Amino acid sequence: MRPLWLLASLLALSQALPFEQKGFWDFTLDDGLLMMNDEEASGADTTSGIPDLDSLTPTFSSMCPFGCHCHLRVVQCSDLGLKSVPKEISPDTTLLDLQNNDITELRKDDFKGLQHLYALVLVNNKISKIHEKAFSPLRKLQKLYISKNNLVEIPPSLPGSLVELRIHDNRIRKVPKGVFSGLRSMNCIEMGGNPLENSGFEPGAFDGLKLNYLRISEAKLTGIPKDLPETLNELHLDHNKIQAIELEDLLRYSKLYRLGLGHNQIRMIENGSLSFLPTLRELHLDNNKLSRVPAGLPDLKLLQVVYLHSNNITKVGVNDFCPVGFGVKRAYYNGISLFNNPVPYWEVQPATFRCVTDRLAIQFGNYKK
């Protein structure tokens, strides 16, 4: 039954994108999307990327690599101590799971004949080298999970059919121009946990991409990278070293629903910076060094969730969150976190949260020097 559960989890991923990933399979839960359950908040095409379920009928091929489990076009070869991609994989395979092995290299003919492969899982191996034609046979590949390896560069010649790339926790320091060329279907890239600095992104590195979701967390960024795709619905840059948000940093990202900037060193957000995000629903600024509530929140008519806990905020004004007048805000807040700030919460006026759905949505207190 495990292969069936594995396939069902991957199919669920086609309809939702995660906010935070603690472990490889955690993103199938997607708790973050519960706050934005309308169709447009998903940031993903709910029809593209899903294989025809009618085609997933049982096959009776006797081809199955030694030690692996094969059923319903799913080949599961995880946790076997494999040194290389196994042979004798059935050509009708849809999902190939090779995670938690000792594979060090992907060779030219490792995936020869696997033209029906939809998802390839290579997480937690020791891959440091990929032949430039290794993925050439995979004309229908949509999901490539190659996180937790030893890669120092984005793999060359990725399949043009690719929709989702998870390449976090490698050793990548540079994203050159043209590396994503021809990937017109790509809508999700997770590349956190790499030692990427701002200078590591060449101008035009993301040219041609129409991403919905991008995460570059746990890297070495000191500012928001330039020239990211304008199509982004979700951008997550948490756990970096970003110190300030300047006026032009968010200029091109008017389609953002969710912005994650928690666990940085942000002291200043320039006035007017947030005005370029008219569709923003969720803003994460927790665990920074802000001394006040960022200006411009009342003008974000669709904003519902603001994380500001664990900063240095000492005062909350009556108009810091809600616009003046009734009927201005189109979506009321359902989450405001201000705990672990040196705010004398007994001095905050009740009218400060007049546009909050429920008082329980406000989190105060628990400040420790």
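Residues numbered from 1 in each chain as written. Predicted model: local features only at pLDDT ≥ 70, side-chain atom pairs only at ≥ 80, totals over all residues. Heavy atoms only, no water.

If you check an unreviewed UniProt entry, the protein appears there as Biglycan from Propithecus coquereli. The record held by UniProt for the protein lists under Sequence similarities (unreviewed entry) the comment "Belongs to the small leucine-rich proteoglycan (SLRP) family. SLRP class I subfamily." On record in UniProt, under Function (unreviewed entry), the comment for the protein is "May be involved in collagen fiber assembly." (UniProt positions renumbered as here; feature names shortened; annotations may be inferred.)

## Notes on the state of the cysteines
Throughout the structure, instances matching the rule amount to 3 disulfides. Paired by a disulfide, Cys68 and Cys77 hold their sulfur atoms 2.1 Å apart. Measuring the twist about the S-S bond at about 115°, one finds the Cys68-Cys77 disulfide to be right-handed. Taking relative accessible area as the criterion, Cys68 reaches 11% and is therefore assigned buried. Through a disulfide, Cys322 is tied to Cys355; the S-S separation comes to 2.0 Å. For the disulfide bridge between Cys322 and Cys355, the dihedral angle about the S-S bond is near -90°, and by the sign convention the bridge is left-handed. Here Cys355 lies in the loop between strand 17 (335-337) and strand 18 (362-363) and Cys322 lies in the loop between strand 16 (305-307) and strand 17, a separation of 33 residues in the sequence. You can call Cys322 buried: its relative accessible area is 2%. Under the relative-accessibility criterion, Cys355 is labelled buried at 5%. (Disulfide = S-S within 2.5 Å. Buried < 20%, exposed > 50% of the residue type's maximum accessible area, 1.4 Å probe, protein only. Helix = DSSP H or I, 4+ residues; strand = E, 2+ residues; numbered from the N terminus.)

## Focus on the pattern of salt bridges
Enumeration over the complete set of coordinates arrives at 13 salt bridges. Put simply, Lys83 and Asp102 hold a salt bridge, and the shortest N to O gap is 3.9 Å. With Lys83 in the loop between strand 2 (74-76) and strand 3 (95-97) and Asp102 in the loop between strand 3 and strand 4 (105-106), this pair connects stretches of sequence that are 19 residues apart. A relative accessible area of 59% means that Lys83 is categorised as exposed. Its relative accessible area of 22% is what places Asp102 among the partly exposed residues. Linking Asp238 and Arg215 is a salt bridge whose minimum nitrogen-to-oxygen distance equals 3.0 Å. Residue Asp238 is found in the loop between strand 11 (234-236) and strand 12 (244-245), and its partner Arg215 is found in strand 10 (residues 213-215); the two are separated by 23 residues along the sequence. Like Asp238, the residue Arg215 is buried in the burial classification. (Salt bridge = Lys/Arg side-chain N within 4 Å of Asp/Glu carboxyl O.)

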